[in-house]
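Now for the letters of each chain:
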Amino acid sequence: MTLRSMLRHETLLALILAVALAILAFNNDRFFTGANLLNQGRLMTEVGLIAVVMTFVIVTGGIDLSVGSILGLCAILVGVFWKTLGLPLPLAMGLSLVVGTLAGFVNGVIITRFRVPPLIATLATLALYRGLAEGISQAQSIRGYPSWFFVLGQGSVLGIPTQLWLLLVAALVGFFVLRFTAFGRATYAIGNNERGAEFSGIDVTRTKLLIYSASGFVSALAALVFVSRVSTTRSDMGSGIELDVITAVVLGGTSIFGGRGLVVGTLLGLCLVQVLKNGLALSGVRGDGTIVIIGAVLIAAVLISNFLSRYASD
């Protein structure tokens, strides 16, 4: 193994994760148990699904702050399509996925056709989609879903939570597409130099539209998992989840300036955040203390990674 590969951000993050697991397992007997770890897998799936595609978004030099609002809107629409409009639940689920994809597509159109910076565009649609969710729901929750629906968020296959299999498939697809396809190479090229990518023949507009549409799709998919897991639908679902997603992606080594990032790193960042949340909660650390510690770990990991990257390149 070369020095350059040893000093990769992902290697550093894996070491930090291993140390965190060891310390938290030593401090609390309830932490490193199969039941607890599988439960944490359930809890991090919604963030993980969105984070896989957010990696693509940030690699292009963009950002999507509306994912939590899309999740909330699609969660409400599942219940409205099913219970209020009387549609079959599978059809309601499919329509919710379509709405999420269209919401992401709208983000892409605003960013590519009207040249609005992604931060501003998705900040605006964050408010728009959340407002739609609250207006449609009228502050009412929807319950009474059939038992088969809960298999997605509460069931298991071969002893592994169902949604973790879903996350695994999404992660494998994301990893393969980003690393081994022309679309992935175009994504990196846009993040490194968008104007240069255009001159080299890459359809930048199409690539971004597909990525933001995919971001909306996985947000809707996360909404279905979320509703199935908690057995109800509320308009405030997904509130603040965009911060957890971005934290996982940036902690995983994806550059906010674009052009660099791996799905593997995002998954490591996701696991580290969830491990810290759970382990610190079991150790009696309050919620605000957990936020401070996760923030400190994020800053430290980024600073150390940047230092080691410069050292390895010298």
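Residues numbered from 1 in each chain as written. Predicted model: local features only at pLDDT ≥ 70, side-chain atom pairs only at ≥ 80, totals over all residues. Heavy atoms only, no water.

## Re the packing of aromatic side chains
Alright, step 1. Scanning all chains against the criterion turns up 7 aromatic pairs.
Alright, step 2. Summarising the aromatic geometry, the rings of Phe31 and Phe32 are spaced 6.4 Å apart at their centres and angled 35° between planes, so their arrangement reads as tilted.
Alright, step 3. Taken together, the ring pairs in this structure connect Trp82, Tyr145, Trp148, Phe149 and Phe150 into an aromatic cluster.
Alright, step 4. Arg229 extends its terminal NZ or CZ atom over the ring of Phe226, reaching a point 5.0 Å from the ring centre. (Phe/Tyr/Trp six-rings, centres within 6.5 Å; stacked < 30°, edge-to-face > 60°. Lys NZ or Arg CZ within 6 Å of the ring centre and 35° of its normal.)

## Overview of the pattern of salt bridges
Alright, step 1. All told, the structure shown has 6 salt bridges when counted by the stated rule.
Alright, step 2. Between Arg234 and Asp236 there is a salt bridge, with the nearest N and O atoms lying 3.0 Å from each other.
Alright, step 3. Judged by its relative accessible area of 34%, Arg234 falls in the partly exposed class.
Alright, step 4. For Asp236, a relative accessible area of 43% gives the class partly exposed. (Salt bridge = Lys/Arg side-chain N within 4 Å of Asp/Glu carboxyl O. Buried < 20%, exposed > 50% of the residue type's maximum accessible area, 1.4 Å probe, protein only.)

## Structural notes on the environment of Ser96
Alright, step 1. Summarising the element assignment, Ser96 is placed in helix H5 (residues 89-113).
Alright, step 2. Taking relative accessible area as the criterion, Ser96 reaches 0% and is therefore assigned buried.
Alright, step 3. Along the primary structure Ser96 and Leu224 are separated by 128 residues, whereas in three dimensions their C-alpha atoms are 8.4 Å apart.
Alright, step 4. Residue contacts for Ser96: discarding those within four places in its chain leaves Cys74, Val78, Phe81, Ala220 and Leu224. (Helix = DSSP H or I, 4+ residues; strand = E, 2+ residues; numbered from the N terminus. Contact = heavy atoms within 4.5 Å.)

## Quick look at the packing of helix H4 (residues 67-84) against H5
In helix packing, the relevant descriptors are the interaxial angle and the interaxial distance, both defined with respect to the helix axes.
Alright, step 1. Where H4 meets H5, the axes come as close as 8 Å, and the angle between the chain directions of the two elements is 150°. By the angle between their axes, H4 is roughly antiparallel relative to H5. At the point where H4 passes H5, the crossing takes the right-handed sense. Touching Ile70, Leu73, Cys74, Leu77, Val78, Phe81 and Trp82 of H4 are Leu89, Ala92, Leu95, Ser96, Val99, Gly100, Ala103, Gly104 and Asn107, all from H5.
Alright, step 2. Across the contact of H4 with H5, the residue classes break down as 12 nonpolar, 4 polar and no charged. (Axes fitted to C-alpha atoms, helices over the stretch in contact; angles between N-to-C directions. Parallel < 35°, antiparallel > 145°, perpendicular 65-115°, else oblique. Left-handed = near helix turned anticlockwise from the far one by under 90°. Nonpolar A, V, L, I, M, F, W, Y, C, P; charged D, E, K, R; others polar.)

## Quick word on the nonpolar core
Alright, step 1. Of all hydrophobic cores here, the largest spans 62 residues; its most connected members are Ile50, Met54, Leu71, Leu89, Tyr145, Phe149 and Val245.
Alright, step 2. Those elements that provide at least two residues to this core are helix H3 (34-59), H4, H5, helix H6 (118-137), helix H8 (162-180), helix H11 (204-230), helix H12 (241-251) and helix H13 (263-282).
Alright, step 3. Sequence-distant contacts of Leu89, that is, excluding residues within four places in its chain, are made with Val78, Trp82, Tyr145, Pro146, Trp148 and Phe149.
Alright, step 4. Counting 14 residues, the second largest nonpolar core, distinct from the first, contains Leu272, Leu276, Leu280 and Ala301. (Core = buried A, V, L, I, M, F, W, Y, C linked by side-chain atoms within 4.5 Å.)

## Quick look at H6
Alright, step 1. Over its 20 residues, H6 extends 28 Å from the first C-alpha to the last, a length consistent with the 28 Å expected when each residue adds 1.5 Å.
Alright, step 2. Residues of H6 that are buried in the fold lie against H4, H5 and H11.
Alright, step 3. Gln138 occupies a position one or two residues after H6 and carries a positive phi of about 55°. (Expected span 1.5 Å × (residues − 1).)

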